[in-house]
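A look at the structure
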Amino acid sequence: MERRDKTNYYLDIADAVSERCTCLRRRYGAVIVNNDQIISTGYVGAPRGRKNCTDLGYCVRNKLNIPRGERYELCRSVHAEMNAIINAPRERMIGATLYLCGREVATNEYIKNSCCCAMCKRLVINSGIERVVIRDDDKNYRSILVIDWIMDDETIEGTFGY
């Protein structure tokens, strides 16, 4: 049996974390790792104490046919990256890697061209995280240096997210 490489190992954990998700559109999980130690995890869900879309039985963005990457202010959920960052001490995130895995709820397929939304990019930048690794399929992934988001300041707002 071939041993799983470390990057896919952490992406597998992010995928498992995503199973706690309460979003009716997309299921994301995030894992922050520094020096081969998991610092924090996060998944998509409503703020503590508020009802989730799974509890309500509907998604406002779905009801209004809002396309991917638009009108996040209408969403009840806190994104996976946000939850992972909120639950980690900043000094442990400096130089860390955030592993992100997303699946379509309806089909369970990996989300095509997945990336952090503009709001999450801001949090990732300020957290001190150095790299984001995003799963494309069971074995393939993309690695993004956060410094590229900083240097590409004019286009950060127009990229797809959830």
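Quick note: structure is the one above.
Throughout what follows, the structure given in this document is the object of discussion. The shown structure was predicted, so the numbers you read here are calculated from the model rather than taken from an experiment. (Residues numbered from 1 in each chain as written. Predicted model: local features only at pLDDT ≥ 70, side-chain atom pairs only at ≥ 80, totals over all residues. Heavy atoms only, no water.)

Describing the nonpolar core
Formed by 30 residues in total, the largest nonpolar core has its most connected members in Ile32, Leu98, Leu100, Val124, Ile129, Val132 and Trp149. For this core, the secondary structure elements donating two or more residues are strand E1 (26–34), helix H4 (80–86), strand E3 (97–104), helix H6 (118–127), strand E4 (131–135) and helix H7 (146–151). Here isoleucine 32 is in contact with Gln37, Ile38, Ile39, Ser40, Ala84, Ile85, Met93, Ala96, Thr97, Leu98 and Ile129, once residues within four sequence places are set aside. Counting residues in hydrophobic clusters, the runner-up holds ten residues, among them Ala14, Tyr99, Tyr110 and Val133. (Core = buried A, V, L, I, M, F, W, Y, C linked by side-chain atoms within 4.5 Å. Buried < 20%, exposed > 50% of the residue type's maximum accessible area, 1.4 Å probe, protein only. Helix = DSSP H or I, 4+ residues; strand = E, 2+ residues; numbered from the N terminus. Contact = heavy atoms within 4.5 Å.)

Side note on the sheet that holds strand E2 (residues 37–43)
Sheet architecture is open: five strands sit in the order E2-E1-E3-E4-E5, paired in mixed fashion. Among the strands making up the open sheet, the edge pair consists of E2 and strand E5 (141–145). Each adjacent strand pair in this sheet contributes to an overall mean axis angle of 20 degrees, direction not counted. Seen against the sheet, helix H1 (residues 6–18) touches E1, E2, E3, E4 and E5 and runs at an angle of roughly 135 degrees to E1. (Pairing = 2+ DSSP bridges. Axes fitted to C-alpha atoms, helices over the stretch in contact; angles between N-to-C directions.)

What about a nonpolar patch on the surface?
There is a patch of nonpolar side chains on the surface, built from Leu145, Ile147, Ile150 and Met151 and spanning about 390 Å² of accessible area. With respect to the helices and strands, the residue isoleucine 147 is situated in helix H7. (Patch = residues over 30% accessible without salt bridge, like charges linked within 9 Å, V, L, I, M, F, W, Y side chains within 5 Å. Areas by Shrake-Rupley, 256 points an atom, 1.4 Å probe, with all protein chains shown as cover. Salt bridge = Lys/Arg side-chain N within 4 Å of Asp/Glu carboxyl O.)

Some thoughts on empty space enclosed by the protein
The final tally for this structure, using the stated rule, is two cavities of 30 Å³ or more. Each pocket or cavity is described by its volume, and for the second largest cavity that value is around 30 Å³. Residue composition of the lining of the second largest cavity, by class: five nonpolar, no polar and two charged. (1 Å grid on protein atoms, 1.4 Å probe; cavity = no way out; pocket = protein on both sides within 12 Å on 5 of 7 lines; lining within 4 Å. Points joined across faces, edges and corners; volume = space filled by probe spheres on them. Nonpolar A, V, L, I, M, F, W, Y, C, P; charged D, E, K, R; others polar.)

A few points about the pattern of salt bridges
Tallying each qualifying case throughout the model produces nine salt bridges. The partner of arginine 4 in a salt bridge is aspartate 12, with the nearest N and O atoms 2.9 Å apart. Two residues, arginine 71 and glutamate 73, come together in a salt bridge whose shortest N-O distance is 2.5 Å. Among the residues examined, glutamate 73 registers a relative accessible area of 56% and is labelled exposed. Several salt bridges share partner residues, and in doing so they unite Arg4, Asp12, Arg135 and Asp138 into one network.

Remarks on the side chain of serine 18
Looking at the secondary structure, you find serine 18 in helix H1. Those residues in contact with serine 18 that lie beyond four places of it in its chain are Arg27, Tyr28, Gly29, Tyr43 and Cys101.

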